[in-house]
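Remarks on the overall topology
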Amino acid sequence: MPSLADTYYTTATALLARARETNAATLKKLGSLIGASVAAGGVLHTFGSGHSEVIGREIIGRAGGLVCVSGIFDPTGGFIENLVGYGTKLAERYDRAHGLLANESIIVISNSGKNSSPIEIALYAKQKGLNVIALTSVDMAKLAFTVHPSGKKLHEIADYTLDNLGLPGDAITPVTDSVNAGPTSTLIGATLLNLLMLETIEWLKTNGHPLPILRSQNMPNAIEYNRELGKQYKGRLSRQLA
């Protein structure tokens, strides 16, 4: 009998491959959409509440990633993500500080798609004229009851949806008849976002635009290089460059 770790690895890698195939067309389309915005000096924004914030942070200030990615962060770590109105306040505060501009894009991450803060961030961004991209588990969202007064879930609001294909409850490895372990939302979500960055970079390269790609600050002269890249985004990025 395979170990729990072996079972998880086999199942998760197969799910990852299927998620890439399932989302390939959307990733390609978004690569050109975000690429055109980046070429015009735009910023890509992210928001994830609770653990989903980890996924968004994967592409913020990332070596080998785009400099122009910024995140809306919840100082409570998602503790009050279902307090109606709180997500709107987070979006308003971020908008005042960094700007949510029309024709830019925001990736809103919520595995269940039912919680208030991600939904309110998405609604606020749509009102401001941004392209809203949901990263979620559509199967999980279909089972979950939204807590937002609109009665909608994240993928029903978004302009585009990246589906992590996660199982309801996230964990995929049976431990007992009633207990599963081994979640996949971070593994697959982070990979989908890196694939999206690469589609965007490929669009920029193919169309002859500059490539604002960060270098690891542990490499020679990288800090100076990154600071130069970031100059045009002064005041717009949530993460200060070293």
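Each remark here, short or long, concerns the structure printed above.
This structure is a prediction, so every number in the text was calculated from the model and none was measured.

Rules behind the numbers
- Residues numbered from 1 in each chain as written.
- Predicted model: local features only at pLDDT ≥ 70, side-chain atom pairs only at ≥ 80, totals over all residues.
- Heavy atoms only, no water.
- Helix = DSSP H or I, 4+ residues; strand = E, 2+ residues; numbered from the N terminus.
- Buried < 20%, exposed > 50% of the residue type's maximum accessible area, 1.4 Å probe, protein only.
- Contact = heavy atoms within 4.5 Å.
- Expected span 1.5 Å × (residues − 1).
- Salt bridge = Lys/Arg side-chain N within 4 Å of Asp/Glu carboxyl O.
- Core = buried A, V, L, I, M, F, W, Y, C linked by side-chain atoms within 4.5 Å.
- Pairing = 2+ DSSP bridges.
- Axes fitted to C-alpha atoms, helices over the stretch in contact; angles between N-to-C directions.

Let us look at the environment of Gly 230. Along the chain, Gly 230 turns up in helix α8 (residues 222–230). Judged by relative accessible area, which is 12%, Gly 230 ranks as buried. In the structure, Gly 230 is positioned 11 residues away from Leu 241 in sequence and 7.4 Å away in space, judged by C-alpha atoms. Setting aside anything within four residues of it in sequence, one finds Gly 230 in contact with Val 67 and Leu 241.

Another point: helix α1 (residues 4–39). Its 36 residues place the ends of α1 only 46 Å apart at the C-alpha level, less than the 52 Å of an ideal helix rising 1.5 Å per residue. Those residues of α1 lying buried are Ala 12, Leu 15, Ala 19, Asn 23, Leu 27, Leu 30, Gly 31, Ile 34, Gly 35, Ser 37 and Val 38. On its buried face, α1 sits against β1 (44–48), β3 (105–109), β4 (131–136), β5 (160–163), β6 (171–174) and α7 (185–206). Downstream of α1 by a residue or two, Gly 41 has a phi angle that is positive, lying close to 95°.

Now for helix α4 (residues 116–127). Along its 12 residues, α4 runs 16 Å from first to last C-alpha, staying within 8% of the 16 Å computed at 1.5 Å per residue. Counting buried positions along α4 yields nine of 12 residues, so the element is predominantly enclosed. Inspection of α4 places Ser 116, Ser 117, Pro 118, Ile 119, Glu 120, Ile 121, Ala 122, Tyr 124 and Ala 125 among the buried residues, and these make up the whole buried set. Buried residues belonging to α4 abut β1, β2 (69–72), α3 (86–98), β3, β4 and α6 (154–157). Residue Gly 129 follows α4 closely and has a positive phi angle near 90°.

In this section: the pattern of salt bridges. Overall, the coordinates contain eight salt bridges when judged by the stated rule. Measuring nitrogen to oxygen at the nearest pair gives 3.2 Å for the salt bridge that ties Lys 28 to Glu 199. Residue Lys 28 is found in helix α1, and its partner Glu 199 is found in helix α7; the two are separated by 171 residues along the sequence. Residue Lys 28 is classed as partly exposed on the basis of its relative accessible area, which comes to 47%. Glu 53 is the partner of Arg 57 in a salt bridge, and the nearest nitrogen-oxygen pair spans 2.9 Å. One end of the pair, Arg 57, and the other, Glu 53, are both in helix α2 (residues 52–57), four residues apart, so they sit about a helical turn from each other. Of the residues examined, Glu 53 reaches a relative accessible area of 15% and is grouped as buried.

In this section: the nonpolar core. The tendency in soluble globular proteins is for nonpolar side chains to be buried side by side. Residues Val 67, Ile 107 and Leu 135 are the most contacted members of the largest nonpolar core, which totals 34 residues. Elements with a minimum of two residues in this core: α1, β3, β4 and α7. Among the elements that make up this core, the one with the highest residue count is α7 (eight residues). Residues Phe 47, Tyr 94, Ile 106 and Val 132 belong to the second largest nonpolar core, which totals 20 residues.

It is worth spelling out the sheet that holds β3 at this point. Spatially, β2-β1-β3-β4-β5 is the arrangement adopted by the five strands of the open sheet, whose pairing is parallel. Strands with a single pairing partner mark the edges of an open sheet, and in this sheet they are β2 and β5. Each strand of the sheet is rotated relative to its neighbour by a mean of 20°, with strand direction disregarded. Here five bridges tie β3 to β4, and the two strands are oriented parallel to one another. When the sheet's bridge partners are listed, Ser 105 is paired in β4 with Asn 131. Seen against the sheet, α4 touches β1, β2, β3 and β4 and runs at an angle of roughly 165° to β3.

From the geometry alone we can't say anything about function, so treat these as descriptive.
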